[in-house]
Amino acid sequence: EADIYQTPRYLVIGTGKKITLECSQTMGHDKMYWYQQDPGMELHLIHYSYGVNSTEKGDLSSESTVSRIRTEHFPLTLESARPSHTSQYLCASGPGYNEQFFGPGTRLTVL
Amino acid sequence: GNSVTQMEGPVTLSEEAFLTINCTYTATGYPSLFWYVQYPGEGLQLLLKATKADDKGSNKGFEATYRKETTSFHLEKGSVQVSDSAVYFCALKGSARQLTFGSGTQLTVLP
């Protein structure tokens, strides 16, 4: 079993609020990723990190930001949530560039 | 660039039926290929993988063979169970450092 955690699992919040989605892993993986999963289930890579102090934007443009101050922690922040941000957010990590271990996801609803 | 095309769902089968979910890919070089599964309310889990042509990945009764001549990696299981109901994602790792995922196929198995 992979040890990767996401909190909260569910979040309902009003427009304009600042939110941070937490992701932590205890496996010592250098590589970490954030995906947005739309209702049709397709996955879109929005951010990734290959190590501490290294972050990159993914294929899908996102208004969110990430940080990687510690190996085990990769939080995602939305400064001002909007209804268009409503989605499922999945965090993943991996020891290399092949296999990825996924967290359970955060389902975000912005009213 | 890399791309993965999956059989469109949803797929509905009766218990003990034979399952095939088609997956074809476009990539340069010799990608590694994966099948991930997402059970309801959870993140993705690696189901099986193959790293070179003619390799067969297998796990939990599922199999897929890496066919370079047809650029395919079809998922099969001889007798599905209700507990196999999930979304299945085909993915590849090519020269880029990120995984490329297919759009997912929803499988429902009826008792």
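Coordinates for the structure precede this section.
Residues numbered from 1 in each chain as written. Chains lettered and ligands numbered in written order. Predicted model: local features only at pLDDT ≥ 70, side-chain atom pairs only at ≥ 80, totals over all residues. Heavy atoms only, no water.

**Q** Would you mind showing me how to read the pattern of salt bridges here?
**A** Close approach of charged atoms allows side chains of opposite charge to pair. One pass over the structure, following the stated rule, counts 6 salt bridges over all chains. Note that E63 of chain A and R82 of chain A form a salt bridge whose closest N and O atoms lie 2.7 Å from each other. Of this pair, E63 of chain A sits in the loop between β6 (54-57) and β7 (65-66) while R82 of chain A sits in the loop between β8 (76-78) and β9 (87-94), and the two are 19 residues apart along the sequence. Between K77 of chain B and D84 of chain B there is a salt bridge, with its nearest N and O atoms 2.8 Å apart. Taken as a pair, K77 of chain B and D84 of chain B share a single burial class, namely buried. (Salt bridge = Lys/Arg side-chain N within 4 Å of Asp/Glu carboxyl O. Helix = DSSP H or I, 4+ residues; strand = E, 2+ residues; numbered from the N terminus. Buried < 20%, exposed > 50% of the residue type's maximum accessible area, 1.4 Å probe, protein only.)

**Q** Looking at this structure, I do not really get the packing of aromatic side chains. What am I missing?
**A** One pair of aromatic rings is described through two measures. These are the centre distance and the angle between the planes. One pass over the structure, following the stated rule, counts 12 aromatic pairs over all chains. On the numbers, 6.2 Å between centres and 80° between planes, the contact of F102 of chain A with F101 of chain B is edge-to-face. One end of the pair, F102 of chain A, is in strand β10 (residues 101-102); the other, F101 of chain B, is in strand β11 (residues 100-101), on a second chain. For F102 of chain A, a relative accessible area of 8% corresponds to the buried category. Three or more aromatic residues link up through ring pairs in this structure, and these residues are Y33, Y35 and F102 of chain A together with F34, Y36, F89 and F101 of chain B. Taking the ring centre of Y97 of chain A as reference, the NZ or CZ of K31 of chain A above it sits at 4.7 Å. Over the aromatic face of F74 of chain A sits the side chain of R68 of chain A, whose NZ or CZ is 5.9 Å from the ring centroid. (Phe/Tyr/Trp six-rings, centres within 6.5 Å; stacked < 30°, edge-to-face > 60°. Lys NZ or Arg CZ within 6 Å of the ring centre and 35° of its normal.)

**Q** It is not clear to me how the interface of chain A and chain B should be interpreted in this structure. Could you clarify?
**A** Accessible area lost upon the coming together of the parts is a frequently used measure of interface size. Each partner contributes to the interface: chain A provides 20 residues, whereas chain B provides 19 residues. In this assembly, chain A packs against chain B so that about 1600 Å² is buried in total across both faces, 56% of it on carbon and sulfur atoms. Its largest share of buried area at the contact with chain B, chain A owes to M41, Y97 and N98 of chain A, together 31% of the area lost on that side. Secondary structure elements with two or more residues in the side of chain A that touches chain B: β4 (31-37), β5 (43-51) and β9 of chain A. If you tally residues by element for the side of chain A that touches chain B, the top one is β5 of chain A, at 4 residues. Residue composition of the side of chain A that touches chain B, by class: 11 nonpolar, 6 polar and 3 charged. (Contact = heavy atoms within 4.5 Å. Buried area = accessible area lost by both parts, 1.4 Å probe. Nonpolar A, V, L, I, M, F, W, Y, C, P; charged D, E, K, R; others polar.)

**Q** Honestly, the state of the cysteines in this entry has me stumped. Any pointers?
**A** Tallying each qualifying case throughout the model produces 2 disulfides over all chains. Each disulfide pairs two cysteine sulfurs, and for C23 of chain A the partner residue is C91 of chain A, the sulfurs being separated by 1.9 Å. Across the disulfide from C23 of chain A to C91 of chain A, rotation about the S-S bond amounts to roughly -75°, and the bridge is consequently left-handed. Taken as a pair, C23 of chain A in strand β3 (residues 19-25) and C91 of chain A in strand β9 lie far apart in primary sequence, 68 residues in all. Between the sulfur of C23 of chain B and that of C90 of chain B lies a disulfide, 2.0 Å long from S to S. The sign of the S-S torsion, about -70°, decides the handedness of the disulfide formed by C23 of chain B and C90 of chain B: left-handed. (Disulfide = S-S within 2.5 Å.)

**Q** For this particular structure, what's the right way to read the nonpolar core?
**A** Most often, soluble globular proteins keep nonpolar side chains buried together rather than apart. One finds W35, L47, L48, F73, L75 and Y88 of chain B to be the most contacted residues of the largest nonpolar core, which totals 26 residues. Among the secondary structure elements, those contributing two or more residues to this core are β2 (11-14), β3 (19-21), β4 (23-26), β5 (32-38), β6 (44-50), β8 (62-65), β10 (86-93) and β12 (105-110) of chain B. For this core, the leading source of residues is β10 of chain B, giving 4 residues. Discounting chain neighbours no more than four positions away, the residues touching F73 of chain B are C23, L33, F34, W35, L48, K49, A50, A64, T65, Y66 and C90 of chain B. Residues Y35 of chain A together with A91, L99 and F101 of chain B belong to the second largest nonpolar core, which totals 18 residues. (Core = buried A, V, L, I, M, F, W, Y, C linked by side-chain atoms within 4.5 Å.)

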